Amino acid sequence: MSAVVIGATGGIGSALADLLAERGTHVLRLGRGTTPRLDLLDEASIAACATAAGDGLRLVIDATGFLHDDRFSPEKSLRAIDPAAMAHSFAVNATGPALLMKHFLPRLAREGRAVFATLSARVGSIADNHLGGWYSYRASKAALNQLVRTAAIELSRTRREAVCVALHPGTVDTGLSAPFARAGLEVQSPRQAAERLLAIIDGLAPRQTSTLLDHKGETIPF
């Protein structure tokens, strides 16, 4: 079996790629620091990497995501909304993964089980939003969830056993979530998170396509 891990230089992505390799899986690691290089903001690089990955793929994992950097932070109120920050969140968390689906879903195996999994977030759930705030991140992950659901419907027409899902990894000790980990939260190491995510992926059935699942395998409402 071969697998593709996108965002393989990040905390969770690297751990996922390492665990798959330990299983004996041939892993194509892709990201901005790999060869070939994949940049979510550059569709040409995505298309080139999909071509390099080839056809008949059984597993593609998108472990990318953006919450904050030196320029942008999650908004605590409407006053903090910045159009540039929101545009960047959507570019990385929604448009980028949509382009990954555009180029990698047609590369999935046509017969038998195949999985495309992308990392979303519980805070992207509209039904589960009880705290407010984090406008750009919430909205961009909600958009990602809708994109996954829509792509899964199209995918099922040509690949009945394929699964296209969004996964919530929980709070992980990485640069993305570290500044926002609150007391009382379960904080996982990247390896722990990767082990849980792969356990979910291993057990996915075609009926679960188009869903948002947490790291315990429970369905999160959109």
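Look up: the structure comes first, before these words.
Note that this is a predicted model, so its numbers are computed, not measured.

K.L.:
Looking at this structure, how should I read the overall build of the protein chain?
P.N.:
If you tally the helices and strands in the protein chain, you get 5 helices and 8 strands. Ordered by position in the sequence, the α and β elements of the protein chain form the string β-α-β-α-β-α-β-α-β-β-β-α-β. Against the 2.2 N^0.38 benchmark of 17 Å for 222 residues, the protein chain shows a C-alpha radius of gyration of 16 Å, consistent with a compact globule. With the C-alpha coordinates of the protein chain rotated into their principal frame, the extents come out at 50 × 35 × 35 Å. For the protein chain, with 222 residues in total, the buried portion stands at 50%. Taking as baseline every contact in the protein chain between residues at least 6 positions apart, the subset at least 24 positions apart corresponds to 71%. Total accessible area on the protein chain is roughly 10,600 Å²; 52% of this is exposed by carbon and sulfur atoms. For the protein chain, the separation between the mean place of its 24 positive charges and that of its 21 negative charges on side chains is 4 Å.

K.L.:
Even after reading the chapter, I still don't get the pattern of salt bridges, so can you show me in this structure?
P.N.:
Between side chains of opposite charge, a pair can form when the charged atoms approach closely. Scanning all chains against the criterion turns up 10 salt bridges. Ionic pairing is found between R191 and E195, a salt bridge with its closest N-O pair at 3.5 Å. Within this pair, R191 and its partner E195 are both found in helix α5 (residues 190-203), separated by 4 residues, close to a single helical turn. When salt bridges that share partners are traced, they join E22, R191 and E195 into one network.

K.L.:
Whenever I open this one, the sheet that holds strand β3 (residues 59-62) confuses me. Can you help?
P.N.:
Remark on secondary structure: sheet strands pair via backbone hydrogen bonds, oriented parallel or antiparallel. Read across the open sheet, the 6 strands follow the order β2-β1-β3-β4-β5-β8; overall the sheet is parallel. Only two strands of the sheet have a single neighbouring strand rather than two, namely β2 (26-30) and β8 (212-214). Direction aside, neighbouring strands of the sheet carry axes that sit 20 degrees apart on average.

Conventions used here
- Residues numbered from 1 in each chain as written.
- Predicted model: local features only at pLDDT ≥ 70, side-chain atom pairs only at ≥ 80, totals over all residues.
- Heavy atoms only, no water.
- Helix = DSSP H or I, 4+ residues; strand = E, 2+ residues; numbered from the N terminus.
- Rg over C-alpha atoms; globule rule 2.2 N^0.38 Å.
- Buried < 20%, exposed > 50% of the residue type's maximum accessible area, 1.4 Å probe, protein only.
- Contact = heavy atoms within 4.5 Å.
- Areas by Shrake-Rupley, 256 points an atom, 1.4 Å probe, with all protein chains shown as cover.
- Lys, Arg positive; Asp, Glu negative; His and termini not counted.
- Charge placed at Lys NZ, Arg CZ, Asp CG, Glu CD.
- Salt bridge = Lys/Arg side-chain N within 4 Å of Asp/Glu carboxyl O.
- Pairing = 2+ DSSP bridges.
- Axes fitted to C-alpha atoms, helices over the stretch in contact; angles between N-to-C directions.

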